[in-house]
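# Geometric and topological summary
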Amino acid sequence: MSSPAETSAPFSGQQSSGKTGLVASLGLFSATAIVVGSMIGSGIFIVPAEIGRDVGSPALLIGAWLVTAVMTIIGALSYGELAAMMPKAGGQYVYLREALGPIWGFLFGWTLFLVIQTGTIAAVAVAFGKFLGVFFPSVSSDHWIWHIAHVPAWHVGPMVLGNMEIGLSTANLAGLVIIVLLAVINVFGVRLGAMVQNVFTTAKTVALLGLVGIGFLFCRNAAAIHANFGANFWHAASWHTLHPVQVGIGGPIAMVGLLTVLAVVQTGSLFSADAWNNVTYTAGEIRNPRRNLPLSLALGTSLVLALYILANFVYLLALPLHGDSHGATISARGIQFASDDRVATAALQIAFSKTGAFLMAGAILISTFGCANGLTLAGARVYYAMSRDGLFFRAAGKLHPRWHTPVAALIVQAAWTCILCLSGSYSQLLDYIICTELIFYILTILCLFVLRAKRPNAERPYRAIGYPVLPAIYILMAAWICIVLLRYKPQYTWPGLVIVLLGIPVFAVWSRSAVSESAAGTAPASGEFPGGTAENG
C-alpha cells in the first residue's frame, strides 16, 4: 500500500485529466498496433543480407535474431512496469526525468527530435519512395527534380562524413508527401491516426505472415536446404571460429570471436526491431493504461520477433546463405549478395519469378507507410511533454481545442523531418546514434532499479517479470554491444555522443528560460493551458 505522500503527489510536470486534454481513446488493439506498426518497417526484408555477410553461418544468422528477441522482450517487460507506474504522455522521457533528473529526460528528447524519431521517419518515408519506384520507375533516388549540391566525403579518423546529395529527387518527393500527409492525418484526432495505424498494421502483419506461409509452402529450394541445414547449419558457429570485422570505415580487418561478431551485427537486427517503446509516448491517450500498456508491449514485441525469426528461416529455405556478388542467378547470389540486399524479394522470386518483386514491393509500401504513421503519432507526444516542462518550443505544449492533438509538435516534427529528407543526412545521422540510443535504453531500464529504491511504496499495477535478474541481463548485454561498437565500429558511437552532449547547453538555456517565465507568471501553471487545454494524465 502506498504512503499518503506518494499517492497524493503526482509525478512532476504532468497535468491532470480533463475534457479539454489528451483524449484517452486508444484500446489494447490500437496500443498493440502502435508497437507492431512502429517495429515493422523495411529492415526485416533487407538487413539479413548484411548480417549474413558478417557472420557467414546459418546458425549465427538465426542467433543474431534470437539475441535481438531476448533483448527486446526483456526491454519491453521492463518498460511495462514503468509504463504502468507512470502512464503519462511522453513515456520514456518521463521515466528518465523522474528517476534520473530533468536533464536526462531532456537529452533523450533532444536526441529523439534531432535524429532518432525524425531521422527514422525520414528513412522510412524515403524507403517508401524507393519501393514505389518498382511500380513507377520514374520514382527514383537518381531522378532529380532539383539537385542542389553534392557534399564531398570528409575523412575523420575511421569515419567518413558527408558524401551525400542535397536536393529533391522523385523518391524524396514521395517521402515528403508521406511525411506531410501523415502529419495532417494525425492532426485530426488520435482516433483517425489510430485507425490508419490499425488498418496498415493489420495489413503489414498479414503480409509478413503471408511471406512466412508462402515461404514455407512454395519457396523451398533443395540446394538451399542442403547448403544451410544439417551439419552445414552450424558452419563457422563454434566458440573457436574467428570472424573478420572491418574496424571503422576503410580500417584494418580484425578477427573476432562469436560473442563479438554477434554484438557487431546487432546494429542491423536490434534496430530493425526498434521503436517498440513508441507506444509509451502515447500513454496519456490509452484507455486503462496501467493494464493495456504493459500488455501491448509484451504482445507486440513477441509477435513481431516470432515473425522475424520465422522470416529468416524462410530465407534459409529459399536461398543459400553463401553466395557470389557476381552470381548470374538469384540462388547463385544467395542471401549474402541478394540484389540491393532485398532478401525477401529474392526469396519470393524463387516461387513467383518477377511477380515476387511486385508482391514484396507492395508489402513494403504497406509496411513503411504504417511504420511512418506510428512514429509520427508517437513522437509528437514526447515534444508535447517536454514543452509542458518548459523544455521545448512553447507552442508544442498546446492542444488543438477541437481535436485535442499537439498540432504544433506534429508540425515541427514534420518540418525537421522534411529538412533531413532534403539534406540526405538522415541515413548517416541514424548510423551515428545507434550506440547512443542503446545507452538511453540502458538508462531507462536502470530507472527501474532507481525507482524501486527511491519510491518503494509507489503503486505498481504491473511488476517487471524476472526483476532484478532479467533487467540486469539486458543492461549487461546492451553494455557489451556498446563496448564492442566503441572498439570496432566507432562510426556508430562517438558522433552520437557528441549530438547528445550538444544538448547540455541547450538544456541550460531552456531550463533557465522556463524558470524565468515561471517566476514572471507567464508559464502555464499545473493544470492550466493557454487556450484551455491540459494534459490527460
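Residues numbered from 1 in each chain as written. Predicted model: local features only at pLDDT ≥ 70, side-chain atom pairs only at ≥ 80, totals over all residues. Heavy atoms only, no water.

## What about the environment of Glu437?
One can find Glu437 in helix α19 (residues 434–454). With relative accessibility at 11%, the residue Glu437 sits in the buried group. When the C-alpha atoms of Glu437 and Thr111 are compared, they prove to be 8.6 Å apart, with 326 residues separating the residues in sequence. Each residue touching Glu437, except ones within four places of it in the same chain, is listed here: Ile116, Phe271 and Asp274. (Helix = DSSP H or I, 4+ residues; strand = E, 2+ residues; numbered from the N terminus. Buried < 20%, exposed > 50% of the residue type's maximum accessible area, 1.4 Å probe, protein only. Contact = heavy atoms within 4.5 Å.)

## Examining the side chain of His404
Tracing the chain through its elements places His404 in the loop between α16 (354–388) and α17 (407–423). With relative accessibility at 15%, the residue His404 sits in the buried group. In terms of polar contacts, His404 uses its side chain to reach the backbone carbonyl oxygen of Arg402, at 3.4 Å. (Polar contact = N/O pair within 3.5 Å; in protein donor to acceptor, adjacent residues only side chain to side chain.)

## Here we look at the pairing of strand β4 (residues 253–256)
Burial along β4 is one-sided: Ala254 and Val256 are buried, while Ile253 and Met255, pointing the other way, are not. Sheet topology note: the strand β3 (residues 243–246)/β4 ladder contains four bridges and is antiparallel. Across the sheet, residue Pro244 finds its bridge partner in β4, namely Met255. Two successive antiparallel strands, β3 and β4, enclose a turn made up of six residues, where Gly248 displays a positive phi of approximately 65 degrees. (Pairing = 2+ DSSP bridges.)

## Description of helix α2 (residues 28–39)
Taking 1.5 Å per residue, twelve residues should reach 16 Å; α2 reaches 17 Å between its end C-alpha atoms and fits that length. Counting buried positions over the twelve residues of α2 gives ten, a clear majority of the element. Among the residues making up α2, those that are buried are Ser30, Ala31, Thr32, Ala33, Ile34, Val35, Val36, Gly37, Ser38 and Met39. Those residues of α2 hidden inside the fold are in contact with α4 (58–85), α8 (190–218), α11 (266–272), α12 (278–281), α13 (289–318) and α16. (Expected span 1.5 Å × (residues − 1).)

## Describing the nonpolar core
Within the largest apolar cluster, 165 residues are counted, with the highest numbers of intra-cluster contacts made by Phe45, Leu211, Tyr308, Tyr315 and Leu438. When sequence neighbours within four positions are dropped, the list of residues in contact with Tyr308 reads Met39, Ile40, Gly41, Ile44, Trp65, Leu208, Ser272 and Ala273. (Core = buried A, V, L, I, M, F, W, Y, C linked by side-chain atoms within 4.5 Å.)

## A few points about the pattern of salt bridges
Throughout the structure, instances matching the rule amount to seven salt bridges. The salt bridge involving Glu98 is made with Arg455; its shortest N-O contact spans 3.3 Å. Within this pair, whereas Glu98 is found in helix α5 (residues 92–100), its partner Arg455 is found in the loop between α19 and α20 (469–488), the two being separated by 357 residues in sequence. Take Glu98: its relative accessible area is 7%, and that puts it in the buried class. Note that Glu285 is salt-bridged to Arg381, the shortest N-O span being 2.8 Å. Taken as a pair, Glu285 in the loop between α12 and α13 and Arg381 in helix α16 lie far apart in primary sequence, 96 residues in all. Within this structure, Arg97, Glu98, Asp389 and Arg455 form a network of salt bridges that share partners. (Salt bridge = Lys/Arg side-chain N within 4 Å of Asp/Glu carboxyl O.)

## Topic: empty space enclosed by the protein
Considering all chains together, one arrives at two cavities of 30 Å³ or more under this definition. Lining of the largest cavity is provided by Met71, Thr72, Leu270, Phe271, Ala273, Asp274, Trp276, Leu438, Tyr441 and Tyr474. When the residues that make up the lining of the largest cavity are grouped by side-chain class, the tally is eight nonpolar, one polar and one charged. Lining the second largest cavity, in full, are Ile121, Ile179, Ala183, Thr376, Gln413, Ala414 and Thr417. Where the lining of the second largest cavity is concerned, the elements lending two or more residues are α7 (170–187) and α17. At three residues, α17 tops the list of elements feeding residues into the lining of the second largest cavity. Split into classes, the residues belonging to the lining of the second largest cavity amount to four nonpolar, three polar and no charged. (1 Å grid on protein atoms, 1.4 Å probe; cavity = no way out; pocket = protein on both sides within 12 Å on 5 of 7 lines; lining within 4 Å. Points joined across faces, edges and corners; volume = space filled by probe spheres on them. Nonpolar A, V, L, I, M, F, W, Y, C, P; charged D, E, K, R; others polar.)

## What to know about the environment of Phe108
Its location among the elements puts Phe108 in helix α6 (residues 102–132). Taking relative accessible area as the criterion, Phe108 reaches 3% and is therefore assigned buried. Taking the C-alpha atoms as reference points, Phe108 and Tyr93, 15 residues apart in sequence, are found 6.5 Å from one another. Not counting residues within four places of it along the chain, the set of residues in contact with Phe108 comprises Gln92, Tyr93, Leu96, Tyr281 and Phe440.

## Here we look at the side chain of Ser169
Relative to the helices and strands, Ser169 is located in strand β2 (residues 159–169). Reaching out from Ser169, the side chain makes a polar contact with the backbone nitrogen of Asn172 at a distance of 3.1 Å. If sequence neighbours within four positions are ignored, Ser169 has contacts with Ser140, Ser141, His143, Trp144 and Ile145.

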